[in-house]
Structure formats: C-alpha cells, structure tokens
Amino acid sequence: MALVNEHFLKLPNNYLFADIAKKVNAFKVLHPKADVISLGIGDVTQPLCPAVIDAMHKATDEMATAQTFRGYGPEQGYDFLREAIMRNDFLPRGIHLDIDEIFINDGAKSDTGNIQELIRWDNSIGVTDPIYPVYIDSNVMIGRAGTWEDGRWSNVVYMPCTAENGFIPQPPKGRHVDVIYLCYPNNPTGTVISRQELRKWVNYALKNDAVIFYDAAYQAYIQDPDIPRSIYEIRGARKCAIEFHSYSKTAGFTGLRCGYTIVPKDLTASTLEGERVALNPLWRRRQCTKFNGTSYISQRAAEAIYTPEGKEQVKATIDYYMHNAHTMLEAFRQLGFQAYGGENAPYIWMRTPDGVGSWQFFEQLLYGANVVCTPGVGFGPSGEGYVRFTAFGTKESTEEALQRIKKWMNQSY
Ligand SMILES: *Cc1c(COP(=O)(O)O)cnc(C)c1O
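Residues numbered from 1 in each chain as written. Predicted model: local features only at pLDDT ≥ 70, side-chain atom pairs only at ≥ 80, totals over all residues. Heavy atoms only, no water.

Enquirer: Even after reading the chapter, I still don't get the nonpolar core, so can you show me in this structure?
Expert: The nonpolar side chains of a soluble globular protein tend to be buried with one another. Y247, F253, F332, F389 and I405 are the most contacted members of the largest nonpolar core, which has 101 residues in total. Ranked by the residues each element gives to this core, the list is headed by helix α11 (residues 308–334), at nine residues. In this view, F389 contacts L39, M328, F332, P346, Y347, I348, M350, L365, V371, C373 and I405; residues no more than four positions away in its chain are not counted. Counting 27 residues, the second-largest nonpolar core is a separate cluster that includes L118, Y135, F213 and V263. (Core = buried A, V, L, I, M, F, W, Y, C linked by side-chain atoms within 4.5 Å. Buried < 20%, exposed > 50% of the residue type's maximum accessible area, 1.4 Å probe, protein only. Helix = DSSP H or I, 4+ residues; strand = E, 2+ residues; numbered from the N terminus. Contact = heavy atoms within 4.5 Å.)

Structure (structure tokens):
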C-alpha cells in the first residue's frame, strides 16, 4: 500500500493569494464595471532590459547550430556566470568566494525550500514573523514544523517583528534554535537590518552552533550604503550562513528563472557523534542528484546584467520601482497612516487604522477604493493588523491607486 506523506495534510488549506483572488473575483462579479488596481501580488511589471534580451537572442542562436549547441550544463552553473557573480556581487564588498561556493539556481524559491534537506528532521527552526511562507511550509512537508495550533506551528520558534520592536528580531531567549531563517531586505515588511543587528545573529549562530539561511532576494533595492547587502559582510558568517540570491526582483526574471545560492566551504554542521561535516559538498551532491542546472539561455541572460549597459538598465528599473515606493510611503504618511519599509525595499508595510484586522481592511480598501493590498496576517501571526503594498506596479497605476485611497480616506475616516 502506498502511504501518503501525511505531513502535507497538515498544511492549512488557505493559500493567501488564492484567497485574495477569490475575494477580488467576488467583488468584480458584484461590480463588473469597477477597474481594480492590484498593489497586492509581489510580481514585477516592467519588461526585461535590452541587454538581457540581446544576450538571450544570441544564446538562442547558439542553440541552433551543432558547433555552439549546449546540452546539459554543469549542475552548479556555468563558470561564466559564477565568475561574473564573484567579481560583481562580492569582490567589491571585500568578500572573497571560491567559485565552488556558488551554485546557480532556477530562482531562490526552490533553494530556500530545498535547503532544509541538509539538516536533520528534528532540528528546531526559528523564523522572523511575519515571513515568506516558503521557509515554514517546506519544513512542514518534511515533518519538522510539528502541528498547526492556533495559527502557529508547534515546533517553530516565531520571532515577532512589529512596529513595537522596530521590526528588529531578537535571538530567542530560553529556547534554542538550530536553524534560523532571515530575509533582508524583508518581504513582507520592507524593512532592513543594520550591520550591528545582523552581527548579533551571526554571533548567536556561532555561539549556539546554529545555521542561518539568509534570503537576500531584495538586496538590489538597498539604497543606504551602510546597510549590508550580504551576510558575508559580517565576520564569521562564512562559518554559519547560507545565502540565497535571485534575479527575479533584481532584474525582472520572475518568468525567466535564475538566481544563485552561496554555500561556503567553512560551513559545517555536526553529526550525532559530534563529527563536523561540511555542507558545501552535501549541497553539491544533492544538486547533482536532483537538479540538472538552470537553462543556458537564462544563465547568459543573467550574465548580461553584469555588463555596463546591463547594470545601468537594471538600475533604471529598480529606480522606477523605488520611485513608486517613495510616492506611496509619502502619501500614506500624509494620510496619517503608520507606514514602514519602502526605503530600501519595494514593499510598504502599513498598520491598519483603528486596529482593524488585516482581512477587514483588505475588504474595506477593495470595496471603498477598488485597490488590492495583501493582508499582513497571511504572512504570520505578527502580521495581523498590517497590510502590504508592493511598489511593482506601473507609475500610473500606483498614482491612480493613491488618488483613490486619498479620496476614500477623506470620506470614511
Ligand atoms: C520573490 C522572492 C524570492 C525569489 O523567488 P524566485 O524563485 O527567485 O522567483 C525569494 N525570497 C523572497 C522572500 C521573495 O519574496
């Protein structure tokens, strides 16, 4: 008899974005003429930049003749891209990586979800709350998260990030965690972590023999030169952290698929007998077994963002989104909302007025202003009472949404 992996059945059946779509559809049925603007889902809207498109055309042509055709590539990615990453994303910040520490992925979601295979099923995990749902759900599927009780997983340590603590997670007191998930700049709150605060986490991990899984998918949005863009800017992080990068939000690769993961050779974890085992060769072994590499065309496309033209074009798109973020932040604050993030990240995290619940405010905004946001509670218990807005819309739709919100606020609050 084939027995199902029952851990899957523990996952609550509410897919945040499916629930949102359902509510938006219900609204549209009732109001067929309404033009709804979505500042909800975290997908980009601007096309790939010309340097990327040129590189893809060229790579496609190479695939058309036997002399330049590429079949299976290296599982860890092509050296041309790994070298470009090393030279452009790390060396300028004084971080020296070995090329074998860089693993090209097909986007950060796969690797942030799969990386937990490297650690035993009974390790304890700690997450900042609210959080990108992939980290927890991937642990649920393998049985590590325990059971779902009152909106929380019994074996997950939640580290609240709210306005009250300035969205700065503190290492848990009294309860040890073996694995810590951090994401900075943060999705959903749009907040960042200072060098000093990040150093606390690296020190915690070194002292407690814990591993940090650091999601840097939004590092390209950091404007403040004092904010770390990589955890390896912190001394000692090579011994305790794995870092994930993605070209999805950096360069509009959400549909193209490419990113990379850094697994330093100095990073080890312990066997039950106390023997230290390096995680880099384990991840290589895992990838060789389960992954056949990111497409050649995607990797050439990613390489192109490191050319002078590519850098300039990617920056222009990021500036475009960050302009939206600033406009939103300013408008929300003028309206008297408490709004956070948006300065080094493409997300605004807003406290709902009068302590209204996340879902209730979502509906009020949809029906009152025909604007879609994301209810904060969908990202974890500490997200209750907040909503998320993304800066990934067009300039025009963002401005139009703000006009409507202003009008609605003046009428209803
Ligand atoms: C979008 C996002 C990713 C990246 O997803 P891809 O699979 O690279 O498209 C990773 N982490 C967070 C927190 C994200 O929001």
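Next, the rest of the story.
Enquirer: How should I be thinking about the sheet that holds strand β3 (residues 125–129) in this particular structure?
Expert: Each strand in a sheet pairs with another by means of backbone hydrogen bonds, the pair being arranged parallel or else antiparallel. In space, the seven strands of this open sheet follow the order β2-β10-β9-β8-β7-β3-β6, with mixed pairing throughout. Each edge of the sheet is formed by a strand with only one pairing partner; in this case those strands are β2 (102–105) and β6 (156–160). Looking at each pair of strands side by side, their axes are set apart by 20° on average, direction ignored. Sheet topology places strand β8 (residues 211–215) next to strand β9 (residues 241–246); four bridges connect them, and they run parallel. Of the residues in β9, the one forming a bridge with D215 is F244. Contacts between helix α4 (residues 79–90) and the sheet are confined to β2, β9 and β10 (259–262), with β2 contributing the most and set at about 110° to the helix. (Pairing = 2+ DSSP bridges. Axes fitted to C-alpha atoms, helices over the stretch in contact; angles between N-to-C directions.)

Enquirer: Help me understand the site of the ligand in this model?
Expert: Taken together, 14 residues surround the ligand, and among them D215, Y218, S246, S248 and K249 come closest. At 2.8 Å, a side-chain N or O of N187 approaches an oxygen atom of the ligand. Take R257: an N or O atom from its side chain is 2.7 Å from an oxygen atom of the ligand. Using a 2 Å cut-off from the grid points, one finds that the ligand occupies the largest pocket. For the shell around the ligand, the secondary structure elements donating two or more residues are α5 (108–114) and α8 (247–251). Taken together, the residues of the shell around the ligand sort by class into six nonpolar, four polar and four charged. (Near = heavy atom within 4 Å. Polar contact = N/O pair within 3.5 Å; in protein donor to acceptor, adjacent residues only side chain to side chain. 1 Å grid on protein atoms, 1.4 Å probe; cavity = no way out; pocket = protein on both sides within 12 Å on 5 of 7 lines; lining within 4 Å. Sits in = over half its atoms within 2 Å of the grid points. Nonpolar A, V, L, I, M, F, W, Y, C, P; charged D, E, K, R; others polar.)

Enquirer: Looking at this structure, how should I read the layout of surface pockets?
Expert: One water molecule sets the probe size; rolling that probe over the atoms shows where empty space is left. In this structure, the largest pocket occupies an estimated 1300 Å³ of space. F17, Y132, P133, V134 and D137 are the residues nearest the centre of the largest pocket, which is lined by 43 residues in total. Only α2 (16–30), α5, α6 (134–141) and α8 provide two or more residues apiece to the lining of the largest pocket. Residue classes in the lining of the largest pocket are distributed as 24 nonpolar, ten polar and nine charged. Approximately 480 Å³ is the volume found for the second largest pocket. At the level of elements, α4, β9, α8 and α11 are the ones that each hand at least two residues to the lining of the second largest pocket. The biggest single contributor to the lining of the second largest pocket is α11, with five residues. Within the lining of the second largest pocket, the residues separate by chemical class into nine nonpolar, six polar and six charged. (Points joined across faces, edges and corners; volume = space filled by probe spheres on them.)

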